[in-house]
Amino acid sequence: MAAFSDPAFDDHERVTFCRDAATGLKAIIAIHSTALGPAAGGCRLWNYASDDAALHDVLRLSQGMSYKNAMAGLKFGGGKAVIMKTPDFSGSDALYEKFGDFVQQLNGSYVTAEDVGMSVRIMETIARRTRFVSGLPPKAGHAGGDPSPKTAFGIFKGIEAAVRFKLGRESLKGLTVAVQGVGNVGYYLCQYLSQAGAKLTVADIDPARVKKAGDEFGAKAAGLDDILTQKVDVVAPCALGAILTSESIPKLRTSIVAGGANNQLATSADGKRLADAGILYAPDYVINGGGIINVACEYYGGVDDAEVMNQVAAIGPRLTGIFAEAKKSGEPTNVIADRMARDIISRATAKQAGKRS
Ligand code: NAD
């Protein structure tokens, strides 16, 4: 495994490899940047094809968290962890406690929370060993808990903004949306969209989740290979990343791509492919920032749920600003967002360097 030469290595500050043979824990914690504050980002539990695949994923995801936290205006840098589902993975409380020990050893430079495969219960287990954890059950009157509903609310506000900008429509009534993945985020997104009168088509590798969306929201079911190519107003990817590629983009039949999955573009060039195809792309780390806003409010405290919702709702106007800038400059939306995020981080890095000298 070669971290420095991995294509996703972006001058990451620190990469920690964590192993505990007794519990079967094999994890990687990547800290991309602490310029804006402690590196915060969820922990993903996944069955990776190789150690290299896990490293590549955590490097990509942690860089994305730096950009996401910067664009959400948070006092958080970017980090991420992955726990590998290896053959000796136990899934025991002891494994998650051991992971908590590793987080604690980083002494606050990394703050963990939920990502794919995690739950509030697992966060509580990790919290037995470290205080640098968020996404815990909320205390009365305070922000906290599962970030997924807040992530979904931010995506909903982002879809509203994209629909207004691209289609000139104020209401989502009758809007057609294809949602790929109806897990934590996708389910709550369907709930918001259905309440607003949108017509849903969904797909998931878990048929029970598709059935639930059908029963509760009247969502139509599509095949796993057909969901992205539905003829709809909006495609909302809410499963895994790298689904927008040179192969998939020409087959899209939508005006807007706006969903919660991290790292939707396989490469930055795919943002240009979307723009050239006349498809408005809502940069993933901007539209899906609701969960980390909730995490930040919980971690720093002093904020109630209503204020979290206010901060998450600001994702709509933030995206409108990016869409308008892209239209003005002729650049793809992902390029505009990347530049804005890098500028925020560079200014913070320069300020830090100024303080040291
Ligand atoms: P989840 O595991 O609860 O849901 C993902 C769903 O996608 C599952 O139901 C899974 O069966 C389904 N799925 C996986 N592969 C699929 C495929 N090929 N086709 C269709 N369905 C497929 O995870 P989540 O928390 O809902 O997160 C979804 C995405 O949003 C991830 O990319 C995650 O990184 C991102 N995200 C989540 C949050 C959050 O608050 N949970 C915040 C920001 C970003």
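Residues numbered from 1 in each chain as written. Predicted model: local features only at pLDDT ≥ 70, side-chain atom pairs only at ≥ 80, totals over all residues. Heavy atoms only, no water.

The subject of this paragraph is empty space enclosed by the protein. Gaps left between atoms are located by rolling a probe of water-molecule size over the structure's atoms. All told, the structure shown has 1 cavity of 30 Å³ or more when counted by the stated rule. By volume, the largest cavity amounts to about 60 Å³. In terms of lining residues, the largest cavity is bounded by Arg-60, Leu-61, Gly-64, Met-65, Lys-68, Lys-80, Asn-262, Asn-263, Asp-284 and Tyr-285. Contributing elements (two or more residues each) for the lining of the largest cavity: helix H1 (51-71) and helix H8 (284-287). Here the residues of the lining of the largest cavity sort into 3 nonpolar, 3 polar and 4 charged. (1 Å grid on protein atoms, 1.4 Å probe; cavity = no way out; pocket = protein on both sides within 12 Å on 5 of 7 lines; lining within 4 Å. Points joined across faces, edges and corners; volume = space filled by probe spheres on them. Helix = DSSP H or I, 4+ residues; strand = E, 2+ residues; numbered from the N terminus. Nonpolar A, V, L, I, M, F, W, Y, C, P; charged D, E, K, R; others polar.)

Let us look at the packing of aromatic side chains. Per the stated rule, a full pass over the model turns up 10 aromatic pairs. Ring geometry for Tyr-67 against Tyr-285: centres 5.6 Å apart, planes inclined by 70°, an arrangement best described as edge-to-face. Here Tyr-285 lies in helix H8 and Tyr-67 lies in helix H1, a separation of 218 residues in the sequence. When sorted by exposure, Tyr-67 lands in the same class as Tyr-285, which is buried. Judged by centre distance (5.3 Å) and plane angle (85°), the ring pair of Tyr-299 and Tyr-300 falls under edge-to-face. Chaining the aromatic ring pairs together yields one cluster made of Phe-76, Tyr-299 and Tyr-300. (Phe/Tyr/Trp six-rings, centres within 6.5 Å; stacked < 30°, edge-to-face > 60°. Buried < 20%, exposed > 50% of the residue type's maximum accessible area, 1.4 Å probe, protein only.)

This part covers unusual backbone geometry. One non-glycine residue, Asp-11, adopts positive backbone phi at about 50°. Here Asp-11 is to be found in the segment before strand S1 (14-20). Judged by its relative accessible area of 68%, Asp-11 falls in the exposed class. Even without a glycine there, the phi angle at Asn-263 is positive, about 55°. Considering the arrangement of structural elements, one finds Asn-263 in the loop between strand S11 (256-257) and helix H7 (269-276).

Counting residues in each nonpolar core, the largest one holds 65 residues, and the members touching the most others are Ile-159, Val-177, Leu-189 and Leu-193. The element contributing the most residues to this core is helix H4 (residues 148-167), with 7 residues. Taken domain by domain, the makeup of this core includes at least three residues from each of domain 1 (14-63 + 76-126) and domain 2 (148-289 + 316-342). Among the nonpolar cores identified, the runner-up in size contains 24 residues, and Tyr-96, Met-118, Ile-126 and Val-133 belong to it. (Core = buried A, V, L, I, M, F, W, Y, C linked by side-chain atoms within 4.5 Å. Domains from an automatic or database assignment.)

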